[in-house]
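Below are the chains, spelled out letter by letter.
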Amino acid sequence: MSNDRVIIFDTTLRDGEQSPGASMTKEEKLRIAKALERMRVDVIEAGFAIASPGDFEAVKAIAETIKDSTICSLSRALDGDIERAAEALKNANSGRIHTFIATSPIHMQYKLRMQPDQVIEQAVRAVKKARSLCADVEFSCEDAGRSEIDFLCRIIEAAIDAGARTINIPDTVGYSIPHQYAETMRQLLERIPNADKAVFSVHCHNDLGLAVANSLAAVVAGARQVECTINGLGERAGNAALEEIVMAIKTRQDLLGVYTNIETEHILSTSRLVSGITGFPVQPNKAIVGANAFAHESGIHQDGVLKHRETYEIMRAQDVGWNANKMVMGKHSGRNAFRARLEELGIVLPGEAELNAAFARFKELADKKHEIFDEDLQALVSDSLGEEAPEHFKLAFLEVASKTGEVPQAQLVLSVDGVEHKATSSGAGPVDATFKAIEAIAQSQANLQLYSVNAITQGTDSQGEVTVRLEKGGRIVNGNGADTDILAASAKAYLNALNLMQAGVHKTHPQADGV
Ligand code: KIV
Ligand code: ZN
């Protein structure tokens, strides 16, 4: 590998999933893994195989499906974890075991209750064990950002001698400052005698908003792998955002002198996929993938961009997937054009029945909204790509009355396994009234954990995409619904969540089993 290439290691499915409320089902993880592969991510950390049977199954399924990216499973520096990771990865085209142990004084003393020499011994044992099961082993010094440099040098030298070929220096608690983190990387590369036998990696958390800056500073100092997540998803304030790292490297190649293999035009669709699945909206001013990232509002900027794009734009919007295919479809578009457009968007529906159903929904939407954009198509097919959940509850009729100064009222008819039930309810607002009316029939006793609405495209005729997260007895489901009528979208999302819960499709926190 050229020494100028930066390996992109995506941990959306592992560290990203550790953010509260972002748990994903196996099916959803597979969809994201396919999008990451399409974007040519080098390494996909698919999960933490020992954490739960669900995590194990997801890593296994991803390892069996994805062919072009290396699939990685996290494991503590323990035999049982490492064996479980190896088992989940056994059918991978290219698999990696990522083992870690904490190296900071505070973690060693209070969390591990181990002496530094014992930590080194356990790290060496773990790396050797992992190497006995897998040729590609990564070793991480958890909380490296607060570890002593002399100790880092000792443990890393030993881990490389034991067979680790990637050494990760995580800023676990997001404490580092760019110049200091870069200096740590520089010293490690200089002082560790066998440093040339491993690729040095960074993994930065965003507690001080510095995850991307720290990662890039470490790349300048010699790191050649960056661990990151789509939309910066991750524990607490999140991880370094993949899209920002990749576009900074591409845009400032003149200064950084390195490159990645990422096909950047797939960034936006992947960001939307992750946002839709997790129900975490992307803020409008988010770099690269936010709705305003390439929007010029002020007259001076607009004038400048029209005269010469580079006056105010440092990247081309289409390079990350914006505007690339703003081609519009409408009610006269045929089934073949519909299928072709989906294929161009990387969407392949499982069969003809799903294609026909999606096409019927497309025609319905085209009657309400005369221009259909790529984003509309993505929302339209997301039902067919998601979890299989029989429609136990189905919306047959909805009427909501909302007037200034009066309490909103919702009246609806739900078909429950084909039998119609009516309910009326009032609420604090029209959405509240709608959900209460649904619950009057469904009696699910689930807790509403999240309700979010996003306009899929611009304009008041845009479809609203609603995510509803329900929780019951530790089981979590995310339901999605899209419609030009926000109340209908809300009802659909709520019913989708109830149907998923009914079908037993749920997510639990990845470390719910106490790992
Ligand atoms: O933040 C961290 O230290 C981690 C490690 C397990 C790599 O996620
Ligand atoms: Zn982390």
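Residues numbered from 1 in each chain as written. Chains lettered and ligands numbered in written order. Predicted model: local features only at pLDDT ≥ 70, side-chain atom pairs only at ≥ 80, totals over all residues. Heavy atoms only, no water.

### Remarks on the coordination of the zinc ion (ligand 2)
Protein coordination of the zinc ion (ligand 2) is provided by D15 (OD), H203 (NE2) and H205 (NE2), with donor distances spanning 2.0 to 2.1 Å. The sequence motif formed by the donor residues of the zinc ion (ligand 2) is D-x187-H-x1-H. Pair noted here: D15 is in the loop between β1 (7-10) and α1 (26-38) and H205 is in the loop between β7 (199-204) and α8 (211-220), with a separation of 190 residues, a long-range link. For H205, a relative accessible area of 5% corresponds to the buried category. (Donors = N, O, S within 2.8 Å, 3.2 Å for Na, K, Ca; no water. Helix = DSSP H or I, 4+ residues; strand = E, 2+ residues; numbered from the N terminus. Buried < 20%, exposed > 50% of the residue type's maximum accessible area, 1.4 Å probe, protein only.)

### Digging into the domain arrangement of the protein chain
One can read the domain layout of the protein chain as domain 1 (7-278), domain 2 (299-384) and domain 3 (393-502). Interface area, domain 1 with domain 2, both sides summed: about 930 Å², of which 57% is carbon and sulfur. Across the contact surface, domain 1 and domain 2 share 0 salt bridges. Linking domain 1 to domain 2 there are 3 residue pairs in polar contact (both at pLDDT 80 or more). (Domains from an automatic or database assignment. Buried area = accessible area lost by both parts, 1.4 Å probe. Salt bridge = Lys/Arg side-chain N within 4 Å of Asp/Glu carboxyl O. Polar contact = N/O pair within 3.5 Å; in protein donor to acceptor, adjacent residues only side chain to side chain.)

### A word on the UniProt feature "domain: Pyruvate carboxyltransferase" (unreviewed entry) in the protein chain
Within this numbering scheme, the UniProt entry marks residues 6-268 as carrying the feature "domain: Pyruvate carboxyltransferase" (unreviewed entry). Annotated as 44% helix and 17% strand, the span residues 6-268 places its first and last C-alpha atoms 21 Å apart. (UniProt positions renumbered as here; feature names shortened; annotations may be inferred.)

### Points about the nonpolar core
Residues F139, I155, I156, I167, I169 and F200 are the most contacted members of the largest nonpolar core, which totals 99 residues. Apart from residues lying up to four places away in sequence, I167 is in contact with F139, I156, A159, I160, A198, V199, F200 and S201. Membership of the second largest hydrophobic core comes to 29 residues, among which are V431, F435, A491 and V505. (Core = buried A, V, L, I, M, F, W, Y, C linked by side-chain atoms within 4.5 Å. Contact = heavy atoms within 4.5 Å.)

### Some remarks on the packing of aromatic side chains
Within the structure shown, the criterion is met by 6 aromatic pairs. These aromatic residues form a ring-pair network of at least three members: F338, F359 and F362. The cationic tip of R84 hangs over the ring face of F56; the distance from NZ or CZ to the ring centre is 3.7 Å. (Phe/Tyr/Trp six-rings, centres within 6.5 Å; stacked < 30°, edge-to-face > 60°. Lys NZ or Arg CZ within 6 Å of the ring centre and 35° of its normal.)

### As for the sheet that holds strand β9 (residues 393-401)
Taken in spatial order, the 3 strands of this open sheet run β9-β10-β11, and their pairing is antiparallel. At either end of the open sheet lies a strand with only one pairing partner, and these are β9 and β11 (419-426). The average undirected angle you get between the axes of adjacent strands in this sheet is 15°. As paired strands, strand β10 (residues 409-416) and β11 are joined by 8 bridges and run antiparallel to one another. (Pairing = 2+ DSSP bridges. Axes fitted to C-alpha atoms, helices over the stretch in contact; angles between N-to-C directions.)

### Quick notes on the environment of S147
Within the secondary structure, S147 sits in the loop between β5 (137-142) and α6 (149-162). Each C-alpha atom, one on S147 and one on P105, is 6.5 Å from the other, the two residues being 42 residues apart in sequence. Leave out the neighbours within four places in its chain, and S147 touches T103, S104, P105, E142 and L152.

### Looking at the pattern of salt bridges
Counting across every chain of the model gives 28 salt bridges. Across the salt bridge formed by E64 and K60, the nearest N and O atoms sit 3.3 Å from each other. In this pair, E64 and K60 both sit in helix α2 (residues 53-65), 4 residues apart, roughly one turn of the helix. Overall, E64 belongs to the partly exposed group, its relative accessible area being 33%. By relative accessible area, which is 23% here, K60 ends up partly exposed. R146 is the partner of D143 in a salt bridge, and the nearest nitrogen-oxygen pair spans 3.0 Å.

### Side note on the UniProt feature "binding site: Mn(2+)" (unreviewed entry) in the protein chain
The residues that UniProt annotates with the feature "binding site: Mn(2+)" (unreviewed entry) are D15, H203, H205 and N239. A maximum C-alpha distance of 10.2 Å among these annotated residues, which run over 225 residues, shows that they cluster at one spot. When you line up the elements, H203 lands in strand β7. Note on H203: relative accessible area 5%, which makes it buried. Not counting residues up to four positions away in its chain, the partners in contact with H203 are T11, R14, D15, N168, I169, P170, D171, Y181, E227 and N239. Discounting residues that sit within four places of it in the chain, H205 has contacts with D15, D171, T172, G174, A211, E235, R236, G238 and N239.

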